[in-house]
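This is what each chain is made of:
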Amino acid sequence: MLFISNVIKIIFIYIYYENIFLHTIKSCLIIFFNTGIASFIHIYKTPEQFMTLFLHLMEVLAWQTVFLIPLPNNIILLPNPGKKLADYVFSHTTETQYLSITSLAENCKVSEATITRFCRGLGLSGYNAFKLALAQADRTTDLGDSSNSAEPVSSEDSISTICAKVHAANLLSLNESYALYDEEEMSKAISILSSSRRIYCFGQGGSMIMAMEAWARFSTASPNFVHICDSHMQASAIAMADSKDAILFFSYSGSTRDMCDTLQIASSRHVPVILITHFPKSAGAEFASVVLQCGYNESPLQSGSVAAKVGQLFLIDCLFYGYCSQKPDTCSAARSATAHAIANKLL
């Protein structure tokens, strides 16, 4: 009976999901040939054992390789929140790649814990790994860019075309960042920077470079800005900070473990936080006094893209001139002094 039941399942799946069926057949053959025919016959002696293997591969490949086809026999086993999540991902494949876990939870009307369990049920470490797998399962160019990105570049593009696409992507980022500009939030951020005794410029990974850019820019006008790249040293510094200090934190995703650890300490010490991120509804935003949103939808395969940084550079310069406008005489004198100091370094 088990054998007949499994045959019916396979026929049903073939009728509705022929592409996955053929993909699984191919994968089974690869496994069989890699294992060896003799070993395979020794291990899978009965048709029932073979069908069990085949259906298991069908489920795994459907979600882990092809990823986006909700198999009936797989979905039926999911609890209701899992079904809602699977259906949403299937219907919004591209959009999901660019959503934070908080935004996806809101869109699906499920909890973030449900999403995490769903991802781990697929054998993935978490939501970020899930987004990466979605991007890899989706169409990509031969250079690794997502075909759904604003200006995907391929090896077939000429140098002129590549330059034009990069230019368009950077302009898009700049325009989106300006469109997302919030005067009230920007004014609050400038007020915090102007009134703080010491401002820590933090980030991790590619965002650490942006934190360094901010520190380098502001250090021409004030000695109050500090940059620390190591996450352990960031935590140590904030453990001795207080409400008279401030943090300028850069994180495109707004959801990294090191950032949340540091910001949790900042919250307990009542240190105001200005967060520059693409995702206003993220784990880091919960600790922030002010959230400034940068533009450009960066695919999981585009991590560290220059276009995403262009939007953040725009916000840095807006903050810089806003800060200087609060203390024009002091900042003007400081900029003149630092310019003269650097001039002696030039040949």
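Residues numbered from 1 in each chain as written. Predicted model: local features only at pLDDT ≥ 70, side-chain atom pairs only at ≥ 80, totals over all residues. Heavy atoms only, no water.

## Observations concerning the packing of helix 13 (residues 206-218) against helix 16 (residues 306-326)
Part 1 of the argument: Where helix 13 meets helix 16, the closest approach of the two axes is 10 Å, and the angle between their N-to-C directions is 25°. The orientation of helix 13 relative to helix 16 falls into the category roughly parallel. Once helix 13 is placed against helix 16, the crossing between them reads as right-handed. Counted together, Gly-206, Met-210, Glu-213, Ala-214, Arg-217 and Phe-218 of helix 13 and Lys-309, Gln-312, Leu-313, Ile-316, Asp-317, Leu-319, Phe-320, Tyr-321 and Tyr-323 of helix 16 form the full contact between these two elements.
Part 2 of the argument: Residues of the contact of helix 13 with helix 16, tallied by class, amount to 9 nonpolar, 2 polar and 4 charged. (Axes fitted to C-alpha atoms, helices over the stretch in contact; angles between N-to-C directions. Helix = DSSP H or I, 4+ residues; strand = E, 2+ residues; numbered from the N terminus. Parallel < 35°, antiparallel > 145°, perpendicular 65-115°, else oblique. Left-handed = near helix turned anticlockwise from the far one by under 90°. Contact = heavy atoms within 4.5 Å. Nonpolar A, V, L, I, M, F, W, Y, C, P; charged D, E, K, R; others polar.)

## A look at the nonpolar core
Part 1 of the argument: Ranked by size, the top nonpolar core spans 34 residues in total, and within it Leu-193, Leu-248, Phe-250, Ile-274, Leu-292 and Leu-319 carry the most contacts.
Part 2 of the argument: Looking at this core, the elements that each hand over two or more residues are helix 12 (183-195), strand 1 (199-203), helix 13, strand 3 (246-250), strand 4 (273-277), strand 5 (290-293) and helix 16.
Part 3 of the argument: Among the elements that take part in this core, helix 16 stands out by supplying 8 residues, more than any other.
Part 4 of the argument: With residues near it in sequence (within four places) discarded, Phe-250 still touches Phe-202, Gly-203, Gln-204, Ser-207, Met-210, Ala-211, Ala-214, Ile-276, Gln-312 and Ile-316.
Part 5 of the argument: Counting 18 residues, the second largest nonpolar core, distinct from the first, contains Ile-228, Ala-241, Val-273 and Leu-275. (Core = buried A, V, L, I, M, F, W, Y, C linked by side-chain atoms within 4.5 Å. Buried < 20%, exposed > 50% of the residue type's maximum accessible area, 1.4 Å probe, protein only.)

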